[in-house]
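Per-entry structural report
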Amino acid sequence: TGGDTATNNKITKTATVQSGETKTVTFENTYTPSTTSVTITKQVTGYFGDVDKEFSFEWSYGTGDNEHGTVQVSQTKSATIENIPVGATLTITETNADGYTTTWSSTTSNDVVESNDPDEAQDMRPVVFAAEDEDEQAVVFAAEEPTLPSTSEDGKTYTFTVAAGKNFVHCTNRKDGKPDTGI
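So, here is what we can say about the structure in this document. Throughout, a residue's number is its position along its own chain's written sequence, starting from 1. At least 70 in pLDDT is required for a residue's local features to be given in this predicted model, at least 80 for side-chain atom pairs to be given and counted, and no such filter applies to totals for whole chains, interfaces and linings, which use all residues. By convention in this description, side-chain values take in all heavy atoms of the structure and omit both hydrogens and water.

Quick look at the nonpolar core
Which entries qualify depends on this criterion: Here, the term nonpolar core denotes a set of buried Ala, Val, Leu, Ile, Met, Phe, Trp, Tyr and Cys residues that are joined through side-chain atoms within 4.5 Å. Here the term buried applies to any residue with accessible area under 20% of the maximum for its type, exposed to any over 50%, and partly exposed to those in between, with areas from a 1.4 Å probe on protein chains only. Strands are runs of DSSP state E lasting at least two residues, helices are runs of H or I lasting at least four, and both sets are numbered from the N terminus onward. Note on contacts: a residue pair is in contact if any heavy atoms of the two residues lie within 4.5 Å.
Core analysis: the largest hydrophobic core is formed by 22 residues, its most contacted members being F57, V71, I92 and F160. Elements supplying a minimum of two residues to this core: strand 3 (35–45), strand 4 (55–60), strand 5 (68–73), strand 6 (79–85), strand 7 (89–94), strand 11 (157–161) and strand 12 (167–174). Discounting chain neighbours no more than four positions away, the residues touching V71 are I40, F55, S56, F57, W59, A79 and I81.

What follows is the structure, given as structure tokens:
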């Protein structure tokens, strides 16, 4: 005889085995990693920045079929990538921003702590990654070792560790120059 009890997403099975009986018990445990979303937003600045242009972003966090894709983002339209595993290293590359200077930053919807002082940030959870200036990236504090945000040499690719909570990546493109006056 037996019964089932469910408590806090755990199922307990009970069975009664008579003296001298042999029973086989099989357990199956399936791990489903925690996932979250990453929203990409865009700002276009500078005298020659095209505020109506849609920019293409390729993203990836692995080699599987569902672990990469492409989204379109403009100054008035963001894009959200769903079901990214928490702790994954996500790489986002802007593919059509020639002539623009690109800067990146990212945050999460959890409680945010940003500090460049390790003593001040002790026992704090990480959630802010800043990469607007590659030489002055914020120190990231985490219970686990995150991938520090990095930007490619040309500024078009941004890589960071996806945190628990909703993640936001902001990309700014600036295009300056001097108008052709014909002189």
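Comments concerning the pairing of strand 12
Side chains on a regular strand alternate between the two faces of the sheet. Going by this rule: Pairing between two strands requires that DSSP report at least two bridges joining them.
The sheet contact formed by strand 3 and strand 12 spans eight bridges and is parallel. Bridge assignment links T41 to a residue of strand 12, and that residue is H170. Note that strand 8 (residues 101–108) and strand 12 share eight bridges and pair antiparallel. The residue of strand 12 that forms the bridge with T108 is N167.

What about the pattern of salt bridges?
We apply this condition: The working definition used for a salt bridge is a side-chain nitrogen of Lys or Arg within 4 Å of a carboxyl oxygen of Asp or Glu.
Considering all chains together, one arrives at three salt bridges under this definition. With a closest N to O distance of 2.6 Å, K42 and E94 form a salt bridge. Pair noted here: K42 is in strand 3 and E94 is in strand 7, with a separation of 52 residues, a long-range link. The class of K42 is buried, set by a relative accessible area of 5%. Where K77 meets E54, a salt bridge forms, and the shortest distance between an N and an O atom there is 2.9 Å. With K77 in the loop between strand 5 and strand 6 and E54 in the loop between strand 3 and strand 4, this pair connects stretches of sequence that are 23 residues apart. We classify K77 as partly exposed; its relative accessible area is 35%.

Section: the sheet that holds strand 4
Taken in spatial order, the five strands line up as 5-4-7-11-10 in an open sheet, and their pairing is antiparallel. Edge positions in the sheet fall to strand 5 and strand 10 (150–151), since each has one partner strand and no second. The pairing of strand 7 with strand 11 spans five bridges and is antiparallel. What sits directly across from T91, in strand 11, is T159.

A word on unusual backbone geometry
Of note in this structure, N83 is not a glycine but carries a positive phi near 60°. Mapped onto the elements of the fold, N83 is located in strand 6.

Quick word on the packing of aromatic side chains
To be explicit about the condition: Aromatic rings from Phe, Tyr and Trp, taking only the six-membered ring of Trp, are treated as a pair when their centres fall within 6.5 Å; an angle between ring planes under 30 degrees marks them as stacked, one over 60 as edge-to-face, and anything in between as tilted. For a lysine, the NZ atom is tested; for an arginine, the CZ atom; a charge sits over a ring if that atom is within 6 Å of the ring centre and within 35 degrees of the ring normal.
Considering all chains together, one arrives at five aromatic pairs under this definition. Between F55 and Y100 the ring centres are 5.4 Å apart and the planes differ by 85°, which places this aromatic pair in the edge-to-face class. In this pair, F55 is assigned in strand 4 and Y100 in the loop between strand 7 and strand 8, connecting sequence segments 45 residues apart. Of the residues examined, F55 reaches a relative accessible area of 0% and is grouped as buried. Using a relative accessible area of 7% as the deciding quantity, one classes Y100 as buried. Through successive ring pairs, a cluster of aromatic residues spans F57, W104, Y158 and F160. Note that K42 overlies the ring of F55, its terminal NZ or CZ placed 4.4 Å from the centroid.

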